[in-house]
Amino acid sequence: MSRNFPDQFLWGAASSGPQMEGAGSLNGKAQNVWDYWFEKEPETFYQQIGPEETSGFYHHYKEDIVLMKEIGFNSFRTSISWTRLIPDGLQVNEEAVSFYRDVFKELNDKGIKPIINLYHFDMPVRLHKQGGWENRETAEEFSRYAKIAFTRFGDLVDEWVTFNEPIVPIEMGYLNDKHLPAVYDLKRAFQAGFHTMLAHAKAVKAFKKSGHSGKIGIILNLMPSYPRSSDEKNDQDAAFYADLLFNRSFLDPAVKGAYPAELVEFMKQEGITLSFTGEDLEIIRANKIDFLGVNYYQPRRVQAGDPLGSGLDKYFQPYQWPEAKINPHRGWEIYEKGIYDIAITIRDHYSNIPWFIAENGMGVEGEERFEDEKGIIQDDYRIDFMSDHLGWLHKAIEERSNCYGYHVWTFIDNWSWLNEYKNRYGLVRLDLASGKRYKKKSADWFNALASSNQLTD
Ligand code: BG6
């Protein structure tokens, strides 16, 4: 069976500056939290591999963009490194401007549309030391940074993203110890989340005011929440709260311009009072996104909360669905239909806003064992993963979902925040020692898909 995707469908991959550029302190780049954390506690990082050890896009972007073209990309998402562009928060780094301008030109020249994100977990250390997103001033600084990016690159980029997965640094940094500041504090989490949203809205406002003809959006990691049972009220409530806190807390203000009333109620229940002004809410209301990017890897399965539990346990607890298919390498559930459920939710509850899959992919540990005698990684599992998800995405599009693209995570094996190179995600294999690139089997499969705009079984 073959299934056609809409004309002009975007095919490509996503990555981020901090995960693939390397060249950490070169040409004036200042430290972000990851550089800083690695310097202080390298043992926290898998095999002590720090953010300097990347595929070196900073030096290799020309050959990488040629490779992207060979794989059939018509679009590619990466992020600008904030501390490369404005190292001290005041002065624009002209070396960085010329690097990014060259990259965006090169992409455009090859017919690969650059989709440029402003923030991918890389808080400048300078701002981190002043409270990061907990400090309202960070939102002001972000808005200044965004304006500089629009002015310097607006002629080369017409699809902008403010944040990738803004909830991740909140969840992992304020309810977990996987991002800095690594504390557990629900109130601080909410305040940091609010300032992130405010920063987003201020950047959208600046973009609209700038008169650029392009579009601006946000990328959210939406995890459909499924209850353990469909008839137990407590399980249903658990799924409602997981969705409210982890999906709707950014989705609603970004698309609808307002926080869900139930979230406000939740804060009251938890005794959380935020500091904000009426003007902040007005900025959020007036600056909705043009498009949405969705990162989908796995669903969230939950069961009734524990009334005597602490923190969020009161509202929901994780639930291991016995029928779940698990990616043994990453421990994440693979549930292809989740992509369809997201599409239908956006269609029915978020005015069918134009959206695209901004990340979907499969991380695999020890991938070298799948290498054949010619040295090509036979990653059929990755092909199946993409194909199965795309099948469900296609069905949603047939049912009127306004989805206009699919980006895989990722183009080339890249450095990751928590796992460094433990799980490989690329269509292209990176030999870390030599820096050499080798297309995996999935790269050819992707090229056939993108070039024909057709998914074939
Ligand atoms: C996404 C992030 O959530 O997942 C990426 O946007 C990240 O930055 C990717 O690398 C894969 O996650 P991990 O932890 O398996 O590398």
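Residues numbered from 1 in each chain as written. Predicted model: local features only at pLDDT ≥ 70, side-chain atom pairs only at ≥ 80, totals over all residues.

## Overview of the overall build of the chain
Broken down by element type, the chain carries 15 helices and 19 strands. By the compact-globule yardstick of 23 Å for 457 residues, the chain fits well, its C-alpha radius of gyration being 21 Å. Going through the 457 residues of the chain one by one, you find that 48% of them count as buried. The contacts in the chain between residues at least 6 apart in sequence include a share of 78% that link residues at least 24 apart. (Helix = DSSP H or I, 4+ residues; strand = E, 2+ residues; numbered from the N terminus. Rg over C-alpha atoms; globule rule 2.2 N^0.38 Å. Buried ≥ 20, exposed ≤ 12 C-beta atoms within 10 Å, placed from the backbone. Contact = placed C-beta atoms within 7 Å.)

## So, the site of the ligand
The ligand sits among 14 residues. The nearest are G363, S416, L418, N419 and N423. Looking at the shell around the ligand residue by residue, the classes come out as two nonpolar, nine polar and three charged. (Near = placed C-beta within 6 Å. Nonpolar A, V, L, I, M, F, W, Y, C, P; charged D, E, K, R; others polar.)

## Looking at the sheet that holds strand β2 (residues 10-14)
Within the closed barrel, the eight strands sit side by side as β2-β3-β4-β5-β6-β8-β13-β15. Their pairing is parallel. Averaged over neighbouring strand pairs, the angle between their axes works out to 25° when direction is ignored. Pairing of strand β8 (residues 291-295) with strand β13 (residues 355-359) involves four bridges; the strand directions are parallel. Pairing of V294 across the sheet is with I357, part of β13. (Pairing = 2+ DSSP bridges. Axes fitted to C-alpha atoms, helices over the stretch in contact; angles between N-to-C directions.)

## Brief notes about the environment of L427
Within the fold, L427 resides in the loop between β16 (423-424) and β17 (428-430). Separated by 17 residues in the primary sequence, L427 and D444 place their C-alpha atoms 8.7 Å from one another.

## Remarks on the sheet that holds strand β10 (residues 316-318)
Across the sheet, which stays open at both edges, the three strands sit in the order β7-β9-β10 with mixed pairing between neighbours. With partners counted over all chains shown, the strands left at the sheet margins are β7 (225-227) and β10, one partner each. Adjacent strand axes in the sheet meet at a mean angle of 45°, parallel and antiparallel pairs treated alike. Alignment of strand β9 (residues 300-304) against β10, held across three bridges, turns out to be antiparallel. Across the sheet, residue V302 finds its bridge partner in β10, namely P318. The strands touched by helix α10 (residues 233-256) within the sheet are β7, β9 and β10, with β9 carrying the most contacts at an inclination of about 135°.

## Looking at unusual backbone geometry
Leaving glycine out, the prevailing phi sign among residues is negative, and the prevailing peptide bond configuration is trans. Omega for the bond connecting L180 with P181 falls within 30 degrees of zero, at 15°, which places this linkage in the cis form. Positionally, P181 belongs in the loop between α8 (167-174) and α9 (186-210). A cis geometry characterises the amide bond from W409 onward to T410, with omega recorded as 15°. With respect to the helices and strands, T410 occurs in the loop between β15 (403-408) and β16. We note that Q48 has phi near 55°; this positive angle belongs to a residue other than glycine. Residue placement: Q48 occurs in the loop between α2 (33-40) and α3 (57-70).

## Considerations on the nonpolar core
Ranked by internal contacts, the top residues of the largest apolar core, which has 116 residues, are L292, V294, I357 and L393. Here the element with the most residues in this core is α9; it accounts for twelve residues. Beyond its immediate chain neighbours, meaning those up to four positions away, V294 contacts L220, L222, I342, W355, I357 and A358. In terms of nonpolar packing, the next biggest core, distinct from the first, is built from nine residues, F38, F121, M123 and V125 among them. (Core = buried A, V, L, I, M, F, W, Y, C linked by C-beta atoms within 7 Å.)

## Digging into the pairing of strand β6 (residues 215-221)
Remark: a regular strand shows side chains that alternate across the two faces of the sheet. Most of β6 is tucked away, with six of its seven residues classed as buried. Alignment of strand β5 (residues 159-164) against β6, held across four bridges, turns out to be parallel. When the bridges of β6 are listed, V161 appears paired with G217. The pairing of β6 with β8 spans five bridges and is classified as parallel. Bridge pairing in β8 links N221 to N295.

## With respect to the environment of E94
Mapped onto the elements, E94 comes out in helix α5 (residues 94-109). Between the C-alpha atom of E94 and that of N27, which follows or precedes it by 67 residues, the distance is 9.2 Å.

## Digging into the environment of D243
Structurally, D243 can be placed in helix α10. For the pair D243 and P253, spaced ten residues apart in sequence, the C-alpha to C-alpha distance is 14 Å. Look past the residues within four positions of D243 in its chain and what remains in contact with it is S225 and R248.

## Considering the packing of helix α13 (residues 337-349) against helix α14 (residues 380-398)
For the pair α13 and α14, the least separation of the axes is 7 Å and the interaxial angle reads 25°. The pairing of α13 with α14 is recorded here as roughly parallel in orientation. Regarding α13 and α14, the two cross each other, and that crossing is right-handed. Across the interface between the two elements, K337, I339, Y340, A343 and I344 from α13 touch H389, W392, L393, K395 and A396 from α14. (Parallel < 35°, antiparallel > 145°, perpendicular 65-115°, else oblique. Left-handed = near helix turned anticlockwise from the far one by under 90°.)

## Considerations on α3
For α3, built from 14 residues, the straight-helix expectation of 20 Å at 1.5 Å per residue is missed by more than 12%, its first-to-last C-alpha distance being only 17 Å. By the largest-angle criterion, E63 marks the main kink of α3, which is about 45°. If you check which residues of α3 are buried, you get F57, Y58, Y61, D64, I65 and M68. Just beyond α3, the residue with positive phi is G72, at close to 90°. (Expected span 1.5 Å × (residues − 1). Bend = angle between axes of the 7 residues up to and from the residue.)

## Examining the confidence of the model for the chain
The predicted model of the chain has a mean per-residue pLDDT of 97, with 100% of residues at 70 or higher. Scored as a complex, the prediction yields pTM 0.98 and ipTM 0.97. (pLDDT = per-residue confidence, 0-100.)

## Structural notes on the pairing of β5
Counting buried residues in β5 gives six out of six residues, a clear majority hidden from the surface. As paired elements, strand β4 (residues 113-117) and β5 share three bridges and run parallel to each other. Note that in β5 the partner of N117 across the bridge is V161.

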